[in-house]
Amino acid sequence: ALELEPYDAEVYVTRGVVKLHMQSYLWSMGDFDSALRIDPKNVQAYSNRAVARATLLNYEGALDDCNKAIHLDAFNSEVYLKRGIIRGDMKDYQGAWDDLSYSIRLKEDMPYAWFNRALASIHLGDTLGAISDFSRVLELDPYNALTFYNRALLRSQAGDLYGALEDYDKVLMLNPENIYTYYNRAVIRQHLEDYAGAAADYTRAIELFPDFAGAYINRSEARSKAGDEKGAWLDYQKA
């Protein structure tokens, strides 16, 4: 395409995005730079160059690119989303939350914006807000195992153990080889005095990762509570 039209900024932007997906970040920036030399008001070039710069830990440059993109298009939800994620990476969690909230106001059906605002809420100590945002993600993307897992962690911390169990069940329906989901579900079952269920989950975690010392230790306790002293002793020795 560039052989036919060497001054087409959009082709440079598109090729730069491909290079981003190839994780060739410096190479991609060359294309975004070329696009901006041709079209200094190209919002997508600034927006995507911000991603490349942030990945290379040039956060100030990334923020500068986002700010330029917003100056050119103040109602671009994706640019606020990207700036919010960058601010989160910089540990400016309030700034991240503000940007992500504005992105959501502009476009409500972006699961990634809700997910990242939940992460910012966690860092700001708003557990209930984070759970609410994860729930919104799942309304938009009901097969998102990572969101079920994160919501389960928060629910267990908030004392909603049965809600956490339901979320872990859904994670395992979507990803039946998630070691830490079996382990975390076992911990909850053990707390609820379902020692047989806990032991079964620890066993599955051990099958997936035979050197999981913590699973042996906890299964030892679960087996002991269930009256299996020999099994408990063997697990303790293995750990």
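Rules used throughout
- Residues numbered from 1 in each chain as written.
- Predicted model: local features only at pLDDT ≥ 70, side-chain atom pairs only at ≥ 80, totals over all residues.
- Heavy atoms only, no water.
- Helix = DSSP H or I, 4+ residues; strand = E, 2+ residues; numbered from the N terminus.
- Rg over C-alpha atoms; globule rule 2.2 N^0.38 Å.
- Phe/Tyr/Trp six-rings, centres within 6.5 Å; stacked < 30°, edge-to-face > 60°.
- Buried < 20%, exposed > 50% of the residue type's maximum accessible area, 1.4 Å probe, protein only.
- 1 Å grid on protein atoms, 1.4 Å probe; cavity = no way out; pocket = protein on both sides within 12 Å on 5 of 7 lines; lining within 4 Å.
- Points joined across faces, edges and corners; volume = space filled by probe spheres on them.
- Nonpolar A, V, L, I, M, F, W, Y, C, P; charged D, E, K, R; others polar.
- Contact = heavy atoms within 4.5 Å.
- Polar contact = N/O pair within 3.5 Å; in protein donor to acceptor, adjacent residues only side chain to side chain.
- Core = buried A, V, L, I, M, F, W, Y, C linked by side-chain atoms within 4.5 Å.
- Expected span 1.5 Å × (residues − 1).

### A look at the overall build of the chain
(1) Moving on: Helix and strand counts for the chain stand at 14 helices and 0 strands.
(2) Moving on: Sequence-ordered secondary structure for the chain, helices as α and strands as β, is α-α-α-α-α-α-α-α-α-α-α-α-α-α.
(3) Moving on: Taken over C-alpha atoms, the radius of gyration comes to 23 Å for the chain, far larger than the 18 Å a tight globule of 239 residues would show.
(4) Moving on: Principal-axis analysis of the C-alpha atoms gives the chain an extent of 75 × 35 × 30 Å.

### Here's the deal with the packing of aromatic side chains
(1) Moving on: Per the stated rule, a full pass over the model turns up 7 aromatic pairs.
(2) Moving on: For the ring pair Tyr-149 and Tyr-168, a centre distance of 6.0 Å and an interplane angle of 65° mean the geometry is edge-to-face. One end of the pair, Tyr-149, is in helix α9 (residues 145-157); the other, Tyr-168, is in helix α10 (residues 161-174), with 19 residues separating them in the sequence.
(3) Moving on: You can call Tyr-168 buried: its relative accessible area is 1%.
(4) Moving on: Ring centres of Tyr-180 and Phe-212 lie 5.7 Å apart, and the angle between their planes is 65°; on these two criteria the pair is classed as edge-to-face. Here Tyr-180 is found in helix α11 (residues 179-191), whereas its partner Phe-212 is found in the loop between α12 (195-208) and α13 (213-225), with 32 residues between them in sequence.
(5) Moving on: For Phe-212, a relative accessible area of 9% puts it in the buried group.
(6) Moving on: Taken together through their ring pairs, the aromatic side chains of Tyr-180, Tyr-183, Tyr-202, Phe-209 and Phe-212 make up a single cluster.

### Section: the layout of surface pockets
(1) Moving on: In this structure, the largest pocket encloses a volume near 260 Å³.
(2) Moving on: Of all the elements in the fold, those that place two or more residues in the lining of the largest pocket are α3 (43-55) and α5 (77-89).
(3) Moving on: Among the elements that line the lining of the largest pocket, the one with the most residues is α5, at 6 residues.
(4) Moving on: The residue inventory of the lining of the largest pocket, partitioned by class, reads 7 nonpolar, 1 polar and 3 charged.

### Quick notes on the environment of Arg-189
(1) Moving on: With respect to the helices and strands, Arg-189 occurs in helix α11.
(2) Moving on: Setting aside chain neighbours within four positions, we find Arg-189 in contact with Leu-165, Asp-194, Gly-197, Ala-198 and Asp-201.
(3) Moving on: A distance of 3.5 Å separates a polar atom in the side chain of Arg-189 from the backbone oxygen of Gly-197.

### Some words on the nonpolar core
(1) Moving on: Counting 23 residues, the largest nonpolar core has Ala-35, Val-79 and Ile-86 as the members making the most contacts within it.
(2) Moving on: Contributions of two or more residues to this core are made by α1 (9-21), α2 (25-38), α3, α4 (59-72) and α5.
(3) Moving on: Residue contacts for Ala-35: discarding those within four places in its chain leaves Ala-9, Tyr-12, Val-13 and Ala-45.
(4) Moving on: Listed in part, the 13 residues of the second largest apolar core include Leu-81, Ala-113, Ala-118 and Ile-131.

### Overview of the environment of Asp-109
(1) Moving on: Mapped onto the elements, Asp-109 comes out in the loop between α6 (93-106) and α7 (111-123).
(2) Moving on: Counting along the chain gives 27 residues from Asp-109 to Arg-136, while the straight-line C-alpha distance between them is 9.3 Å.

### Here we look at α11
(1) Moving on: Compared with the 18 Å implied by 1.5 Å per residue over 13 residues, the 19 Å span of α11 between its first and last C-alpha is a close match.
(2) Moving on: Residues of α11 that are buried include every one of Thr-181, Tyr-182, Tyr-183, Asn-184, Arg-185, Ala-186, Ile-188 and Gln-190, and no others.
(3) Moving on: For α11, the N-terminal capping position is held by Asn-178, with its side-chain oxygen 3.3 Å away from the main-chain nitrogen of Tyr-180.
(4) Moving on: Just downstream of α11 lies Glu-193, where phi reads positive at about 65°.

### So, the side chain of Arg-83
(1) Moving on: With respect to the secondary-structure elements, Arg-83 resides in helix α5.
(2) Moving on: Contact partners of Arg-83, with chain neighbours within four places excluded, come to Leu-63, Cys-66, Asn-67, Ile-70 and Asp-99.

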